[in-house]
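# Structural features, examined
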Amino acid sequence: MTEVRVRFPPSPTGYLHIGSARTALLNWLWAKKNNGKLILRIEDTDEERSTQNSIDGIIDGLQWLGLDWDEGPYFQTEFADEHRKAADQLLASGHAYKCFCTKEELERKREAAMAAKQDEVGYDGTCRELTPEQVAEKEAQGIPAVIRFKVPKREGSVAYEDKVLGTIARAYSDIEDFVIVRSNGKPLYLLCNVVDDIRDRITHILRGQDHTSNTTRQVLLYEALNAPLPVFAHMPLTLDLQKRKISKRSHGEVVSVQFYREKGVLPWALCNFLALLGWNPGTDQELFSREELIQAFTLERIGKTNSVFNYQKDDPKFFTDPKLISINEQYLRTMPLDELAELVKKDFIKQGLWDEAYENERRDWFLSTLNLIRDRFHTVCDFATLGRAYFANDYAMEEAPLKKNILKYPELKSWLALLAERFAALPEFSKESTEEAARALATELNIKPGVLINGMRTVLTGQLAGPGMFDILIALGKERTVERMRNIEHLYSSLEESAVS
Ligand code: GLU
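So, here's what we can say about the structure. Everything quoted here is computed from the prediction, not taken from an experiment. (Residues numbered from 1 in each chain as written. Predicted model: local features only at pLDDT ≥ 70, side-chain atom pairs only at ≥ 80, totals over all residues. Heavy atoms only, no water.)

Moving on to the overall build of the chain. Along the chain, the regular secondary structure elements total 20 helices and 12 strands. At 32 Å, the chain has a C-alpha radius of gyration far larger than the 23 Å of a compact globule built from 501 residues. By principal-axis analysis of the C-alpha atoms, the chain measures approximately 110 × 55 × 40 Å. Residues counted as buried form 48% of the 501 residues belonging to the chain. Sequence-distant contacts in the chain: of pairs separated by 6 or more residues, those separated by 24 or more amount to 75%. On the chain, roughly 25000 Å² of surface is accessible, and the fraction owed to carbon and sulfur atoms is 50%. Put simply, the chain has 65 plus and 76 minus side-chain charges, and the middle of one group is 3 Å from the middle of the other. (Helix = DSSP H or I, 4+ residues; strand = E, 2+ residues; numbered from the N terminus. Rg over C-alpha atoms; globule rule 2.2 N^0.38 Å. Buried < 20%, exposed > 50% of the residue type's maximum accessible area, 1.4 Å probe, protein only. Contact = heavy atoms within 4.5 Å. Areas by Shrake-Rupley, 256 points an atom, 1.4 Å probe, with all protein chains shown as cover. Lys, Arg positive; Asp, Glu negative; His and termini not counted. Charge placed at Lys NZ, Arg CZ, Asp CG, Glu CD.)

If you want it as structure tokens, here you go:
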């Protein structure tokens, strides 16, 4: 059996878009599933728009996602000679011709055709039948020429079998003689892409449905170059709720892979989400490990219709599609703790929260604390923000618990100070002993234990909700618990000050 060879050929003209990441992912899945090869090819022929920054960003993004490739990166510009040779071959075999029409002439003809309401506004074929002598004469006069592909002028259509969409056919009469080489001698995307795919022995081309019209023209090129056709599978476009293409201009950073990295989304959670955006397993399963996804993936289950990126720009609750957030939460909750610790470490280093002890004498404490608090978190960044109280003393006090649990009970100032001393005096600081002490004090004071417990939670973590209170105490340890509770006076005085000012 021939080896399956797929490719990811981004044009490096911007950031790595999540739509491109999905293309890379599905190609990667297909390569892995078939023990094949994924080739990374940077299509940098548009020299004006290609940038090194973009190349770095794309490579970095793929690496972060864990989408490794087997060959490349190849750079399309390195194969310019081959592209020109292919154009010469097409000229020699009569599949292409030189066109000397100027831009102005073409524009004039186009306008005239539009005014006459002719359906066909493509190139009218003026130079298609020039004799070799006429061509030589124009060249001798130094008139610049583009090279156009000679689309067959006959009844019928060019067709191919798309693995997703079925037979795609386009009448020859619908395709104009398209340009394959510019007048400055530079071959264009349609040709370069085919020449490279032939050279790289690509067997399957998985790309977006926005390429279907390119594909029919490229099939003509394959035929003219006597090369076997690869299998094509076009994936649906991803649109927003208003059915617009998702783009940085309309949606902002949320369409770029980098955004998710910064937000603390797990790379595999993003891949898992992207896989489901345009492919469906045929079951209700939502979470897939790499292996499971590789096994489950088939071209036939790629969707035919547009997929929806369920994102409302102004929704403060969700920074992206809620489904992605939910997938991320589920991974955060269930992933092996040592893997999670690695990710949190990276973020803590960035945030200045990292302590080497977390990898040495406090490793067990670090892992068990991550485990304790991860249940409610949405992203890796939440450990440094929502979970800050466990790792630093400068954590934020949220307004809701302050109002609900502290301001409502001014007596808590003395009650919690009293409880702090009871805790300090405990010979053993355990879940049981602290709970017993808190409940005993509540009975003495004739108040509900909840008042003390909620007050403690607020003072110790700054938050309204979280893990079980006595688990929190153990995670913080006796010293920090007592110190923060003794400090409650400061909390009240700073609240009074802010009320006065
Ligand atoms: N460079 C093209 C793009 O980024 C490649 C398309 C393709 O042939 O897959 O759209």
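In the structure shown here, the tally under the stated rule is 33 salt bridges. Between Glu 3 and Arg 5 there is a salt bridge, and its shortest N-O distance comes to 3.4 Å. In this structure Glu 3 comes out as partly exposed when scored by relative accessible area, which is 33%. Between Lys 109 and Asp 124 there is a salt bridge whose closest N-O contact spans 3.3 Å. Placement of the pair is Lys 109 in helix α4 (residues 103–115) and Asp 124 in the loop between α4 and α5 (132–140), with a sequence separation of 15 residues. For Lys 109, a relative accessible area of 30% corresponds to the partly exposed category. Taken together, the shared-partner salt bridges connect Arg 7, Arg 41, Glu 43, Glu 82, Asp 196, Asp 197, Arg 199 and Asp 200 into one network. (Salt bridge = Lys/Arg side-chain N within 4 Å of Asp/Glu carboxyl O.)

This next bit is on the packing of helix α1 (residues 18–33) against helix α10 (residues 267–276). Taken N-terminus to C-terminus, the directions of α1 and α10 make an angle of 85°; their axes are 9 Å apart at the nearest point. With respect to α10, the axis of α1 lies roughly perpendicular. Facing α1, whose interface residues are Ile 18, Ala 21, Arg 22, Leu 25, Leu 26 and Trp 28, α10 presents Trp 268, Cys 271, Leu 274 and Ala 275. Of the residues contributing to the contact of α1 with α10, the split by class is nine nonpolar, no polar and one charged. (Axes fitted to C-alpha atoms, helices over the stretch in contact; angles between N-to-C directions. Parallel < 35°, antiparallel > 145°, perpendicular 65-115°, else oblique. Nonpolar A, V, L, I, M, F, W, Y, C, P; charged D, E, K, R; others polar.)

Here we take up the environment of Val 181. Locating Val 181 in the fold gives a position in strand β8 (residues 179–181). According to the relative accessible area criterion, Val 181 is buried, its value standing at 5%. In the structure, Val 181 is positioned 98 residues away from His 83 in sequence and 9.1 Å away in space, judged by C-alpha atoms. Not counting residues up to four positions away in its chain, the partners in contact with Val 181 are Ala 87, Val 146, Ile 147, Lys 186, Pro 187, Leu 188 and Leu 191.

Here we come to the pairing of strand β7 (residues 166–171). Judged from the six bridges that link them, strand β6 (residues 157–162) and β7 form a sheet pairing that is antiparallel. Paired with Ala 159 across the bridge in β7 is Ala 169. Between β6 and β7, which pair antiparallel and follow one another directly, the connecting turn spans three residues. (Pairing = 2+ DSSP bridges.)

Below, the discussion takes up the layout of surface pockets. For the largest pocket, the calculated volume is near 1400 Å³. Around the largest pocket, the lining is made up of 46 residues, and of these Pro 10, Ser 11, Ser 20, Asp 210 and His 211 lie nearest the centre. Going through the elements one at a time, β1 (5–8), α1, α2 (52–65), α3 (80–92), α6 (189–199), β9 (204–208) and α8 (248–251) are the ones with two or more residues in the lining of the largest pocket. The dominant element in the lining of the largest pocket, judged by the number of residues it contributes, is α1, at four residues. Among the residues forming the lining of the largest pocket, the class breakdown is 14 nonpolar, 18 polar and 14 charged. Its volume calculated, the second largest pocket comes out at about 360 Å³. Among the secondary structure elements, those contributing two or more residues to the lining of the second largest pocket are α4 and β5 (146–149). The element best represented in the lining of the second largest pocket is α4, accounting for three residues. Split into classes, the residues belonging to the lining of the second largest pocket amount to 10 nonpolar, two polar and four charged. (1 Å grid on protein atoms, 1.4 Å probe; cavity = no way out; pocket = protein on both sides within 12 Å on 5 of 7 lines; lining within 4 Å. Points joined across faces, edges and corners; volume = space filled by probe spheres on them.)

Ordered by their spatial adjacency, three strands build an open sheet running β1-β2-β3, and the pairing between neighbours is parallel. Where the open sheet ends on each side, the last strands, each with one partner, are β1 and β3 (71–75). Each strand axis lies, on average, 25° off the axis of its neighbour in the sheet, ignoring direction. Inspection of the sheet shows β1 paired to strand β2 (residues 37–42) by four bridges, in the parallel sense. Opposite Val 6, over in β2, you have Leu 38 as the bridge partner. Relative to β1, α1 is tilted by about 165°, and along the sheet it contacts β1 and β2.

As a further point, take the site of the ligand. Neighbouring residues of the ligand: Arg 7, Pro 9, Pro 10, Ser 11, Glu 43, Tyr 189, Asn 193, Arg 207 and His 211. Contact between the ligand and Arg 7: an oxygen atom at 2.9 Å from a side-chain N or O atom of the residue. In the environment of the ligand, a nitrogen atom lies 2.8 Å from a nitrogen or oxygen atom belonging to the side chain of Ser 11. Contact with the protein chains hides 80% of the accessible area of the ligand, taken as 300 Å² for the molecule alone. (Near = heavy atom within 4 Å. Polar contact = N/O pair within 3.5 Å; in protein donor to acceptor, adjacent residues only side chain to side chain.)

The strand order β4-β5-β8 describes an open sheet built from three strands, whose pairing is antiparallel. The sheet terminates laterally at β4 (96–99) and β8, the two strands that pair on one side only. The mean angle between the axes of side-by-side strands here comes to 45°, regardless of whether they run parallel or antiparallel. By the bridge criterion, two bridges tie β5 to β8 in an arrangement that is antiparallel. Of the residues in β8, the one forming a bridge with Arg 148 is Val 179. Across the sheet, α3 is in contact with β4, β5 and β8; its angle to β4 comes to roughly 100°.

Now for empty space enclosed by the protein. Scanning the entire structure with this criterion turns up one cavity of 30 Å³ or more. Approximately 30 Å³ is the volume found for the largest cavity. Class assignment of the residues belonging to the lining of the largest cavity gives a composition of seven nonpolar, no polar and no charged.

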